[in-house]
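# Coordinate analysis (summary)
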Amino acid sequence: MKGRGTARKGLRITTILVAMVVGVVAVILCCCILLFLDRYRDAMVQNARTSSSQAVSQVSTTVANYLGDMEQAMELVEQSMLESADSRDKLLTAFLNFRPDVVAVTSYSSDGALLDCWSLGREPRETIYENLSFDLEKARTAQAPYMMAPHVETIFESYYPWVVTMTAPLEQGGGAAWVSLDLSFSSISSYINNISIGQRGYCFLMDGAGNIVYHPQQQLLYAGLKTENTTALAELEDGSYADDTVIYSLTGVADSDWRVVGVSYVDELVNRGVREMIQLSLFLAVVVLAAAVLTSWLLFRLLGRPLRGLASAMENFETDADHFTYHPVGGTREVQELSDSFEHMVLRIQRLMTTVREEEVNLRKTELKALQAQINPHFLYNTLDSIAWMCEQGRNAEAVKMVHALARLFRISISKGHELIPIAKEIEHAESYLQIQKYRYKNQFTYAGLPEVRAEEVIPSSKSAKPLQGRRGGPLCFAAVFLCTPLCQGLDLRAECAMMKETARGVGPARSVRDAKGEKNHARTGRCA
């Protein structure tokens, strides 16, 4: 059995439980966070693609409406070109007043020369070095109205608006072969410039061949500070496409070969949201782990402390089982049941220990009583035999004294059933015994020097046959004499044996046993009690 101070190795069950709870919670939490972040990023990418597609679709609808308005305006211009010159001028002037976004209406001859120009308050310059609003080769090849890319109007002096030109052939236009409508592109360009997908995302227009029609960062493209892979984009179908850094959304413009391209960046639409979600997840993870630690601490309080108290009580019981008093510990129902079982075990062991001690005492008493029962009859037989022998020889006075000594001896031995008797009575008991022996072995020994004691001093009665304790803590002489005497039967009596044993065991002053002449002597014959 281990001592109380022995160091025990191994982990406590509460430590294992706490580690298991926190570890399992941490692993599950990490897995859930990783899975959630992966799903969240996919959802964010899909959301960004959807948002970009919606923005591009709105731009496409707006541009389509703009082009539809141009077609309607071109139809009115074509109809006005069939009228007479005066009517045509009135109609076009009214049209320009009604549509201030129309910069100019121009007509061209079959060789591409400018014939007429209608514009509110502006006249074309006399010498036009380059007319960006008309392309003769493209006009000759086109069989239907066509659109030109947005460009700067160059036919006016000191007026250079950003326009888009639609040119249509005239079958009955007098001397004019084509008519062009220059429509201000500022409204649609402002709208496209204001479209933002995220903080850095944007939209631009390109035609079916991959040529850029309009780009909000046109100056950067001209300066070579920015590029667009329009060739690869032209090969893609309408829809959304995402790579590691950019999301492209493409939508065609109705009734034209133009396409709206939306560009958005993953790091601002997705990664920023993912970073924010990571921070939130880490915060929630810390909260959950704190809750797990708090739960583990409560578990330790409910289970660990009662178990440690129970273990401490067991160690105290091992140290001092006789004087141990158990105080039940609280806690969960299982701990209380264990505490009750230990309390029942402690009480039962203490009862068994008490029973065993009582049985040992009773066994000792029984053995000593059996020994006393063997000694007393033998001593009585020898004494009565000596009295009978004295009576036969006529030594009646000595026989009477011997009878009285025997009576005192047994009266003190009985002691009215008391376990404790005064030491004075015990000494009187020893004197009675020595008187009997003196009468039996007359003139062979004498005794002297018995101690004087106070009457209130008590020792166990001789009838208990327990080891007798004197004032000095050692056994009294009478026990030694009483137990020694039977051993002398049939041998030479060493009359001084009992007194020497008494002296050796430290009770009272030393006593000598001498014969009548003052010298040590032994009885050579006779029976020993």
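Look a little higher up for the structure.
None of the values given here were measured: they were computed from a predicted structure.

## Considering the overall build of the chain
Scanning the chain for helices and strands turns up 12 helices and 13 strands. When each of the 529 residues of the chain is scored for burial, the buried share is 38%. Sequence-distant contacts, at least 24 apart, represent 63% of the contacts inside the chain between residues at least 6 apart. If you sum the accessible surface of the chain, you get close to 30700 Å²; carbon and sulfur atoms cover 56% of it.

## Re the sheet that holds strand 10 (residues 246–252)
If you trace the five strands from one edge of the open sheet to the other, you get 8-7-11-10-9, paired in antiparallel fashion. Both outer strands of the open sheet, strand 8 (212–214) and strand 9 (239–242), are each paired with one neighbouring strand and no more. Each strand axis lies, on average, 30° off the axis of its neighbour in the sheet, ignoring direction.

## Some words on the packing of helix 9 (residues 396–414) against helix 10 (residues 423–440)
In a packed pair of helices, the relevant descriptors are the angle between the two axes and the axis-to-axis distance. Between helix 9 and helix 10, the least distance of the axes is 9 Å, while the angle of their chain directions is 150°. Classed by the angle they form, the pair helix 9 and helix 10 counts as roughly antiparallel. The two elements helix 9 and helix 10 meet at a crossing, and its hand is left-handed. Counting all contacts with helix 9, which are made through Glu 398, Lys 401, Met 402, Ala 405, Leu 406, Arg 408, Leu 409, Ile 412 and Ser 413, the residues of helix 10 involved are Lys 425, Glu 428, His 429, Ser 432, Tyr 433, Gln 435, Ile 436, Tyr 439 and Arg 440. Taken together, the residues that form the contact of helix 9 with helix 10 break down as eight nonpolar, four polar and six charged.

## Observations concerning the side chain of His 215
Mapped onto the elements, His 215 comes out in the loop between strand 8 and helix 5 (218–223). Take His 215: its relative accessible area is 1%, and that puts it in the buried class. In this structure the side chain of His 215 is engaged in a polar contact, spanning 2.9 Å, whose partner is the backbone nitrogen of Gln 217. Polar contacts involving the side chain of His 215 include one to the side chain of Glu 228, which spans 3.1 Å. In this structure His 215 touches Tyr 202, Phe 204, Leu 221, Lys 226 and Glu 228, once residues within four positions along its chain are discounted.

## Focus: the nonpolar core
Formed by 39 residues in total, the largest nonpolar core has its most connected members in Val 63, Val 105, Leu 205 and Trp 258. Apart from residues lying up to four places away in sequence, Val 63 is in contact with Ile 188, Ile 192, Leu 205, Val 253 and Trp 258. Membership of the second largest hydrophobic core comes to 12 residues, among which are Ile 387, Met 390, Ala 399 and Leu 434.

Scoring rules and cut-offs
- Residue positions within a chain follow its written sequence, with the count starting from 1.
- In keeping with the model being predicted, local features are shown solely for residues with a pLDDT of at least 70 and side-chain atom pairs are shown and tallied solely at 80 or more, while totals for entire chains, interfaces and linings include all residues.
- The basis for every side-chain value is the complete set of non-hydrogen atoms in the structure, without hydrogens or water.
- Only runs of H or I of at least four residues qualify as helices and only runs of E of at least two qualify as strands under DSSP, and these elements are numbered from the N terminus.
- Accessibility here uses a 1.4 Å probe with only protein chains present; expressed as a share of the type maximum, an area under 20% marks a residue as buried, one over 50% as exposed, and anything in between as partly exposed.
- What makes two residues a contact is simply this: any of their non-hydrogen atoms within 4.5 Å.
- Under the convention used here, a 1.4 Å probe and the Shrake-Rupley method define accessible areas, while residue burial counts only the protein chains that appear.
- For two strands to be treated as a pair, DSSP must find no fewer than two bridges joining them.
- Structural elements are reduced to axes, namely lines fitted to C-alpha atoms, with helices fitted over the stretch in contact, and the angle between N-to-C directions of any two is expressed from 0 to 180 degrees.
- Convention used here: angles under 35 degrees read as roughly parallel, angles over 145 as roughly antiparallel, angles from 65 to 115 as roughly perpendicular, and any remaining angle as oblique.
- Crossing handedness follows the turn of the near helix against the far one: under a right angle anticlockwise gives a left-handed crossing, and clockwise gives a right-handed one.
- As a working rule, the residues Ala, Val, Leu, Ile, Met, Phe, Trp, Tyr, Cys and Pro are called nonpolar, Asp, Glu, Lys and Arg charged, and the rest polar, with Gly in that last group.
- In protein, a polar contact requires one atom able to donate a hydrogen and another able to accept it; more generally it is a pair of N or O atoms within 3.5 Å, and residues adjacent in sequence count only if both atoms are side-chain atoms.
- Side-chain atoms within 4.5 Å link the members of a nonpolar core, which is a set of buried Ala, Val, Leu, Ile, Met, Phe, Trp, Tyr and Cys residues.

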